[in-house]
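Commentary on secondary and tertiary structure
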Amino acid sequence: NTPRAAERKTVVIKREPARELLEDPYSNFSGMAIDEEKGELFLSNDNERKGQSIEAYHVEFPPERSDRVTEPLRMIAGPKADLGDICGIAISTEFNEIYKVSGEGNSELGVFPLNGNGDMDAVRWLPTSHGAWGVFYDKPSDELFVTIEHVNRVAVYKRNAGLKDEATRFIQGPKTQMADPHGIFVDEG
């Protein structure tokens with residue numbers, strides 16, 4: 001010890017903070033899908049303070065409502081829904097289904113009715129790897145494409161797969177040059 005080090009003293013001052021920053025009480029949208037036929041926009045909300053949800057809105061917002069927060073037409077949320085950290089959503093208007101994936105926690109793809117509302121159980125669950133992020137429904141092949149960020153993979157499932165079904169194939173490996181894949185789009189053309 002040097003003499004100077006011995007002279008130093010730590011002084012602790014206890015006081016109340018000048019102000020506190022609260023978490024945002026509004027939705028934090030992380031994924032979207034559009035039902036063009038019905039003119040509805042589906043958004044996944046992963047804000048823990050508000051509560052994770054899948055929210056449906058009109059595609060076109062009425063101008064007279066521009067001065068306040070727009071309320072959803074309907075919302076899937078609650079403990080039964082077990083939405084977790086929602087990262088991506090996709091829809092099938094033909095089968096009236098919403099598909100959601102969660103990046104952390106619950107590692108299953110949840111399937112909900114397109115007109116679902118309130119605290120409800122998923123119609124079915126499909127196992128995915130931990131770190132699922134993006135999901136895309138490919139109508140011509142009737143398949144779901146799911147990105148898995150931690151292992152740099154795209155997993156492909158039959159649309160109607162359930163908990164006992166596995167992926168039909170994977171896109172993965174150094175030749176893909178994928179790194180931490182998040183969103184996904186499949187060119188149906």
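As shown above, the structure is provided for reference.
Residue indices begin from 1 for each chain and proceed along its sequence in written order. Since the coordinates come from a predicted model, pLDDT governs what is reported: local features require at least 70, and pairs of side-chain atoms require 80 or more to be given and counted, while whole-chain, interface and lining totals use all residues. The basis for every side-chain value is the complete set of heavy atoms in the structure, and neither hydrogens nor water enter the calculation.

A word on the side chain of Ser92
Relative to the assigned elements, Ser92 resides in strand E5 (residues 86–92). Take Ser92: its relative accessible area is 1%, and that puts it in the buried class. Polar contacts involving the side chain of Ser92 include one to the side chain of Glu94, which spans 3.3 Å. N or O atoms closer than or at 3.5 Å make up a polar contact, with two conditions inside protein: a donor-capable atom paired with an acceptor-capable one, and, for residues adjacent in sequence, both atoms drawn from side chains. There is a polar contact of 3.1 Å between the side chain of Ser92 and the backbone nitrogen of Phe95. Residue contacts are defined here by distance: any two heavy atoms, one from each residue, within 4.5 Å place the two residues in contact. Sequence-distant contacts of Ser92, defined by excluding residues within four places in its chain, comprise Glu97, Tyr99, Leu114 and Tyr137. Where helices and strands are cited, they refer to DSSP runs of H or I of at least four residues and of E of at least two residues respectively, numbered from the N terminus. Think of it in three bands: residues with accessible area under 20% of the maximum for their type are buried, residues over 50% are exposed, and the middle band is partly exposed, with areas taken using a 1.4 Å probe on protein chains only.

Things to note about the environment of Phe29
Checked against the element boundaries, Phe29 lands in strand E1 (residues 29–35). By relative accessible area, which is 38% here, Phe29 ends up partly exposed. Spatially, the C-alpha atoms of Phe29 and Gln52 are 9.7 Å apart, while their sequence positions differ by 23 residues. Once residues within four sequence positions are removed from consideration, Phe29 is found in contact with Leu43, Ser44, Asn45, Glu55 and Tyr57.

Some points on the packing of aromatic side chains
Geometry of aromatic contacts follows a simple scheme: Phe, Tyr and Trp rings, the Trp one being its six-membered ring, pair when their centres are within 6.5 Å, and the pair is stacked under 30 degrees between planes, edge-to-face over 60, tilted otherwise. Per the stated rule, a full pass over the model turns up 3 aromatic pairs. On the numbers, 6.3 Å between centres and 80° between planes, the contact of Phe112 with Trp125 is edge-to-face. With Phe112 in strand E7 (residues 108–113) and Trp125 in strand E8 (residues 124–127), the pair connects residues that are 13 residues apart, well separated along the chain. Neither residue differs from the other here; Phe112 and Trp125 are each classed as buried. Positioned above the aromatic ring of Phe170 is the side chain of Arg153, whose terminal nitrogen or guanidinium carbon lies 4.3 Å from the ring centre. Above the ring of Phe95, the side-chain terminus of Arg159 is found at 3.4 Å from the ring centroid. Working rule: Lys NZ or Arg CZ, within 6 Å of ring centre, within 35 degrees of ring normal, means a charge sits over the ring.

Treat this as a map of the structure, not an account of what it does.
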